[in-house]
Amino acid sequence: MGDVRLNSDPSCSSSPPSEVSPPSPESSSSIPFRNGVMPFMLSVSAEHLQRFKQLLLEENPRPNCTPLTWDQLKSVRCGEVVHLLTEYFPGRRAWEVAHDIFAKMNQTELCVQIQRELNEILPNLEPEDLNQRKRELTLEEDESDKIREYKARVMSEHSALWDRTSWPGNNVDFFYQEPCREDILLQCLLLPRKPQGRQPKTVVLLGDAGLGKTTVAKKVMLEWAEDKFYAHKVWFAFYLRCQEMDGPEERSFSELIACKLSGSLALASRILSHPEHLLLLLDGFEELTLTLVDRPEDLSQDWSQKMPGSVLLTSLLSKTMLPDATIIVFLRFNMWKTVSPFLKDPSLITLTGFSAPERSRYFRSYFKNGRDADAALRFAMGSAVLFSMCRAPVTCWLVCSCLKQQMDRDSSLPQAFPNAAAVFVHCLSSLLPTQARHAVSETHQEQVKRLCSLAAEGMWKDQWVFGETDCSLARLDERDVQLFLRAQVLRRVAADRALVAFTHPSFQEFFAALLFILCFPQRLRNFKALDNFRVLQLLAHPGRWRNPLAGMALFLFGLLNDTCTLAVEQLLGCKVSLGNKRKLLKIAALPPDSEPPAPHHRLPQLFYYLYEIREEVFVGQILHDCRKALLVLSKIRDLQVSAFCLKFCRRLQELELTVAKMTSLSPGPLPSPQPEGSDRHSLWWQEFCSVFRTHESLEVLTVKDSVMDAETVEILAAALRHAHCNLRKLIFRHVGSLVVSEGIIRVLVENQYLRHLEIENTQMRRQVIDALCTTLKHPRCFLQTLRLDGCPFDPTKGADLAWSLRKNTHLKTLMLRRGCLERDEPCVPVLAPQLERLSLENCDLTSLSYRSLAFSLVSNRSLTHLSLAENALQDDGAKELWKVLQNFPSTLQRLVLRNCALTSECCQDIASVLDKNKNLRSLDLGCNSLRDTGVILLCQHLLKPDSCLQVLELGECQFTSVCCPALTSVLLHNQTLRHLDLSGNSVGLQGAKLLQDATLKRVLGPRVVLKKKQSNGMDMMRRLEGPVVNKDVLEIVL
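Owing to the predicted nature of the structure, the values given are computational and were not obtained by experimental measurement.

**Some remarks on the overall build of the protein**
Step number 1: The number of helices and strands found in the protein is 42 helices and 23 strands.
Step number 2: The buried share among the 1038 residues of the protein stands at 58%.
Step number 3: Total accessible area on the protein stands at roughly 42800 Å², and carbon and sulfur atoms take up 50% of it.

Right, dumping it as structure tokens:
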């Protein structure tokens, strides 16, 4: 099997594709946006806010602007105060006014925050045109009456108090449990955004199905009707579902608005003539059957013109029509790719659904008995996928309802529900009728199969709304549809049309998956077979965005669990066939000799799918040949899933691990008074780390971009110190200062197999350096390779480290970069007698260091590779090195002096070294000012018959076409050179032609291959080793 990369789970969406990257749906914050101005206002207490508003009345707004009144200010919230500030005091004046007011209130910290934010956004801050004034819209008395009637209807439709713990009906979303969170979201929807400091004209609220987008829209409409939503704005708000434009007849936008206003076309026209007073809420995009128009010339600016629904909707979204209107668009993540190209400068807000504490509170509000709530919550949190699904309030209700039924029967929750699919089987079985209602000859199974066919076709086509034709193709007639409508499995999209959709997208995903485990006895194969293409679609991971089939795949793998298949037969009354299980096994298990998949391809979600099936034999067969795993633990559920799956990667050789900053793997308290499960996270982490002692072939661990607490690190260190841990290579890259601990350093002594340690871009604490120095001198430290790259530490410890390195008799390779080993003392101890490879890159070495290093080369008989790259060696500093290499025999084979401030003055010495030291066969002089004179001197050596140099790197050495004749002679006559880097130099067209002609005229020696420089960046290890040469090829890099 190839590489495994786990970086997200399919049970929740990731950012939708777009040139504008929306915020991650997994982010959780009390502030529902990232780029709003003055976010600190949301933390101002109610008492201080009232005082702020009183002082704001004393400020003079912009010229020609009506002063603020207390009626405008008395009921506005924090977010709306910010809106008023930026509207009445445009540009930097808004921040200056806020600063002055908080100064009068003695709020020093807030003053500092205001000044900091102003300094950050000042270069882009654009005040509105001071001469621009909004046109007043004055309504006649009868028009005002119609608006009041319209508001009354809105309040009547949306003011019902929803039961926040019960099934909400067919198409009503839940919302948040916390009223304060609702309040913050609503007042911040239209908050001015950075960097311009203006209110966005297009706001997009993104979220998965069932997270409350429609409820937000209805809340906005209700607050507007009650004069609470941005009450200082004279707005006319209209909630429009896209289906209202998705009709066969053409209509104008004014006619559409008139329908909301008791048919008054005149009033609609008055309002639309003042678009700056218009607030449009557009919802229901997933239920569209029309196609948006991608030709700008087909769009219309005229809201009174009749036009097709596709043209009308696209004209609104693109701001071709009513550009000054404010639009709030409510979208599912899977619709972002379709809609985003038409939006103009959208401001994005992600609706995350229930946070973990909110899920906990919901369980407690549902289960009146505290003990039952604790038991149900512990069970749900024990299932990574199930608890994640509960982010959607509708799903949270389904899960609670199902768990309660089982608990009322005194049934064991783990036995009844091995995974999320089992919960849905039990839940939906209570909704579905157990027998056909309208035809004796038809069985209940056939009805379910037809429903599953409809769901599956929709999934393959990314279709969520179905018409009569779709139902007919699935052989669902009107009586079937009515049956499933009554069962609340389907719902009407619009009352006056024959369009239906599944009540919740998870229902469609479940029934689509169910199709592929049902038995079809009339077929040659008694199941609906998945072909290879469909299986690959289910397993695919399309980059950083969610596979739209991930939910269906989760249910499919879950339904293949033995307990689930039994529940399907018993509760749904359907016979099951497991023919597709073999197909999934065949395709999911890559052969061990295959190429590793691309980083974004299929295997990350596969871990989640395998966790759902929970069958050890099946999981073991798929993961048995996995050699490398790349895991990003950004959520606790990632840890739980990977801990389960890694157990079955018995041939795992290399593990690359990232523990995201937002994840706490330390024992965290379960939101419950019960002690059980309080250390659940710690147990999962221990299970994860157990692979280091149970997997004999696991030899490489890379931890990168990670932050862990001390207890989490100690669990990892204890696993690495275990007697059965065979780890040979340990790498830390860009990790928190606590990750590389004294316990990790002790692994070098207690693990007899560890030979390689790399620490890169990590702050090393003083006690860790002390532990490293002590450990390197220990007789049981068998470390052979040590790399410290970009690890700042106390400079006074440099000498101690250098001495400890010399005392270690096993160390063969030492690489130090961006670390100061000395202040006044030379670094002689660094060059221990047994060292074979030494790299001291960008180490701020002194001239004394160069002399000491050169002198130590005289006695050293093992060093073969030396890199002093990126040190200011200069010609004077290099002289000592040239003297030693000219006058004493040396084992040095590779010398890297890249970017060492050398000039052509040293090239004669280099040529002499190459004449006398035949072991030196690889030389990197890139990024030095050798110029034409220096290169010509080097070419003179290369033309000698006894030249042994195989690799010469002269990239960016500032030479021109002047030296190309000398290089041409080298290409024609030198027989030993195998790699010549000439990239990044100004040889011009004439010089390039000379070199190319020389390669064509070359008769003797290896064939010539021309290559283009791929990248200037190179790993320190690769630079020290040098290019790999082929004895039959001369590689020229241009």
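**Details of the nonpolar core**
Step number 1: Ranked by internal contacts, the top residues of the largest apolar core, which has 225 residues, are Phe363, Phe511, Leu514, Phe688 and Phe692.
Step number 2: The greatest single-element share of this core, amounting to 9 residues, is contributed by helix α16 (residues 393-408).
Step number 3: Contact partners of phenylalanine 688, with chain neighbours within four places excluded, come to Leu631, Leu633, Leu639, Ser642, Ala643, Leu646, Leu655 and Leu657.

**Describing the side chain of glutamine 199**
Step number 1: Positionally, glutamine 199 belongs in the loop between α7 (179-188) and β2 (202-206).
Step number 2: For glutamine 199, the side chain forms a polar contact with the side chain of histidine 83, separated by 2.8 Å.
Step number 3: Among the polar contacts listed, one links the side chain of glutamine 199 to the side chain of threonine 326, at a separation of 3.2 Å.
Step number 4: Excluding its chain neighbours within four sequence positions, the residues that come into contact with glutamine 199 are His83, Leu190, Pro192, Lys233, Trp235 and Thr326.

**Let's talk about the packing of helix α13 (residues 356-366) against helix α14 (residues 370-381)**
Step number 1: Orientation of α13 relative to α14, taken along the N-to-C sense of each, is 140 degrees, at an axis distance of 8 Å. With respect to α14, the element α13 is oriented oblique. Like other packed secondary-structure pairs, α13 and α14 cross with a definite hand, here right-handed. Packed against α13, whose contacting residues are Ser360, Phe363 and Arg364, the element α14 presents Gly370, Ala373, Asp374, Ala376, Leu377 and Ala380 at the interface.
Step number 2: Among the residues making up the contact of α13 with α14, the classes are represented as 5 nonpolar, 2 polar and 2 charged.

**Re the confidence of the model for the protein**
Step number 1: Mean pLDDT for the protein: 83, with 85% of residues reaching 70 or above.
Step number 2: Taken as a whole, residues 591-603 scores under 50 in pLDDT and shows 27 contacts with residues more than four places along the chain or in a different chain.

**Quick look at empty space enclosed by the protein**
Step number 1: Applying the stated criterion across every chain, the model contains 8 cavities of 30 Å³ or more.
Step number 2: In this structure, the second largest cavity occupies an estimated 60 Å³ of space.
Step number 3: Residue lining of the second largest cavity: Glu286, Glu287, Arg332, Trp464, Val465, Arg491, Ala501, Phe502, His504, Pro505 and Gln508, and that is the complete set.
Step number 4: For the lining of the second largest cavity, the secondary-structure elements that each account for two or more residues are β8 (500-502) and α22 (505-514).
Step number 5: Broken down by class, the residue content of the lining of the second largest cavity amounts to 5 nonpolar, 2 polar and 4 charged.

The rules behind the values
- Residues numbered from 1 in each chain as written.
- Predicted model: local features only at pLDDT ≥ 70, side-chain atom pairs only at ≥ 80, totals over all residues.
- Heavy atoms only, no water.
- Helix = DSSP H or I, 4+ residues; strand = E, 2+ residues; numbered from the N terminus.
- Buried < 20%, exposed > 50% of the residue type's maximum accessible area, 1.4 Å probe, protein only.
- Areas by Shrake-Rupley, 256 points an atom, 1.4 Å probe, with all protein chains shown as cover.
- Core = buried A, V, L, I, M, F, W, Y, C linked by side-chain atoms within 4.5 Å.
- Contact = heavy atoms within 4.5 Å.
- Polar contact = N/O pair within 3.5 Å; in protein donor to acceptor, adjacent residues only side chain to side chain.
- Axes fitted to C-alpha atoms, helices over the stretch in contact; angles between N-to-C directions.
- Parallel < 35°, antiparallel > 145°, perpendicular 65-115°, else oblique.
- Left-handed = near helix turned anticlockwise from the far one by under 90°.
- Nonpolar A, V, L, I, M, F, W, Y, C, P; charged D, E, K, R; others polar.
- pLDDT = per-residue confidence, 0-100.
- 1 Å grid on protein atoms, 1.4 Å probe; cavity = no way out; pocket = protein on both sides within 12 Å on 5 of 7 lines; lining within 4 Å.
- Points joined across faces, edges and corners; volume = space filled by probe spheres on them.

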